[in-house]
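Summary of structural features
Letter by letter, the chains look like this.
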Amino acid sequence: MSELPTEIESVPDRALPVLPTESAQYKLPPVHREGHKFVAIAAVATLLVGFGLHWTTLAWLLAGLTLWVAAFFRDPVRVTASEPGIIVSPADGMVSLISLVTPPRQLVGVGGLSTAPCLRISVFMSVFDVHINRSPIAGTVRRVVYVPGKFLNADLDKASDDNERQYFIVDAPDGTAVAFTQIAGLVARRIMRFVQEGDIVRAGQRIGLIRFGSRVDTYLPAGYGCEVAVGQRAVAGETILARLGTEPLLPAVRQ
């Protein structure tokens with residue numbers, strides 16, 4: 001496996017799942033700890049400009065920037081269905097591509113996917129979406145591979161092959177392997193992971209984060225049909241991307 005470079009950060013995720021006794025009602029999302037320093041920097045800059053230099057107009061602009069940074073790193077509670085045979089979205093954003101592709105070489109081989117073509121569902125995250133990525137299934141993290149690359153628009157099809165990215169494979173207890181990829185975008189310059197190879201994860205558990213604006217691809221195992229369409233909004237950990245034994249929706253699939 002490729003060694004993870006220094007710019008790929010590993011941060012343990014200590015967040016607990018929602019308990020049956022807790023409420024899943026909406027509340028103001030907390031800021032993920034990885035965003036604390038950025039919010040602090042923006043807030044200090046706002047105070048210095050406003051109270052130190054008395055540049056009121058610029059101070060208001062910086063205050064707006066501070067709120068945007070806090071919103072970017074928001075980490076809302078998500079409730080993941082426990083239904084068997086489903087794959088949930090690993091990312092918030094818009095389903096931008098559904099393609100029939102050959103899995104990349106980083107995902108095939110012993111302990112990985114087969115070389116047979118499979119459906120790939122791409123979810124594009126704008127700078128306004130939640131950027132916490134979550135595991136699409138419960139299981140064991142079998143593979144993590146980082147690949148350096150370019151920083152093209154993540155909405156382009158070729159971003160899956162050309163951009164900086166990080167591959168994951170999670171094996172479910174029944175042997176089903178689901179692969180997904182964090183892909184950097186035009187302004188994304190840091191891919192972060194919260195899990196290691198060998199970790200056991202829950203469906204919907206936080207596995208990483210990308211700063212700022214990017215994409216996540218999910219490769220469906222044989223027998224799973226996608227249940228989303230291009231242009232649909234997805235919610236990480238909640239939207240069902242695919243289901244075992246269903247007929248796939250294929251109007252946007254390209255051979």
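This text follows the structure it describes.
Residues numbered from 1 in each chain as written. Predicted model: local features only at pLDDT ≥ 70, side-chain atom pairs only at ≥ 80, totals over all residues. Heavy atoms only, no water.

**Observations concerning the packing of helix α1 (residues 36–52) against helix α2 (residues 56–72)**
Worth spelling out the cut-off: Orientation is described by lines fitted to C-alpha atoms, with helices fitted over the stretch in contact, and by angles between N-to-C directions that extend from 0 to 180 degrees. A run of H or I in DSSP counts as a helix once it spans at least four residues, and a run of E counts as a strand once it spans at least two, with each numbered from the N terminus. The labels follow the angle: roughly parallel below 35 degrees, roughly antiparallel above 145, roughly perpendicular from 65 to 115, and oblique for the rest. The contact criterion used is simple: two residues touch if any of their non-hydrogen atoms lie within 4.5 Å. Under the scheme applied here, ten amino acids are nonpolar (Ala, Val, Leu, Ile, Met, Phe, Trp, Tyr, Cys and Pro), four are charged (Asp, Glu, Lys and Arg), and all others, including Gly, are polar.
It is the contact of α1 with α2, at a shortest axis distance of 8 Å, that shows an interaxial angle of 170°. When the axes of α1 and α2 are compared, the pair comes out roughly antiparallel. The residues of α2 that touch α1, namely those facing F38, V39, A42, A43, A45, T46, V49 and G50, are L58, A59, L62, A63, T66, V69 and A70. Its residues assigned to classes, the contact of α1 with α2 comprises 12 nonpolar, 3 polar and no charged.

**Some remarks on the nonpolar core**
Filter applied, for reference: The definition of a nonpolar core used throughout is a set of buried Ala, Val, Leu, Ile, Met, Phe, Trp, Tyr and Cys residues joined through side-chain atoms within 4.5 Å. Each residue's exposure class comes from its accessible area (1.4 Å probe, protein chains only) as a fraction of the maximum for that residue type: buried when under 20%, exposed when over 50%, partly exposed otherwise.
Residues I87, I121 and L220 are the most contacted members of the largest nonpolar core, which totals 30 residues. For this core, the secondary-structure elements that each account for two or more residues are β3 (93–101), β4 (118–125), β6 (139–147), β7 (165–171), β8 (177–184), β11 (206–211), β13 (224–226) and β15 (240–244). The element that contributes the greatest number of residues to this core is β4, accounting for 4 residues. Once residues lying within four places of it in the same chain are set aside, the contact partners of I87 are P136, I137, V178, T218, L220, P221, Y224, T239, I240, L241 and A242. Counting residues in hydrophobic clusters, the runner-up holds 11 residues, among them C118, V145, Y167 and I169.

**Looking at the environment of C226**
Its place among the elements puts C226 in strand β13. Judged by relative accessible area, C226 falls into the buried class, the value being 1%. Along the sequence, C226 and I98 sit 128 residues apart, while their C-alpha atoms lie 8.8 Å from each other.

**Considerations on the pairing of β8**
Moving residue by residue along a regular strand, the side chains alternate between the two faces of the sheet. Worth spelling out the cut-off: At least two bridges found by DSSP between two strands are what make those strands a pair.
In terms of residue burial, β8 counts as a mostly covered element, since 8 of its 8 residues are buried. With burial as the criterion, each face of β8 is covered, one bearing A177, A179, T181 and I183 and the other bearing V178, F180, Q182 and A184. Note that β7 and β8 share 7 bridges and pair antiparallel. Within the sheet, the bridge partner assigned to R165 lies in β8 and is I183. Both β8 and strand β12 (residues 214–219) contribute to a ladder of 6 bridges, which runs antiparallel.

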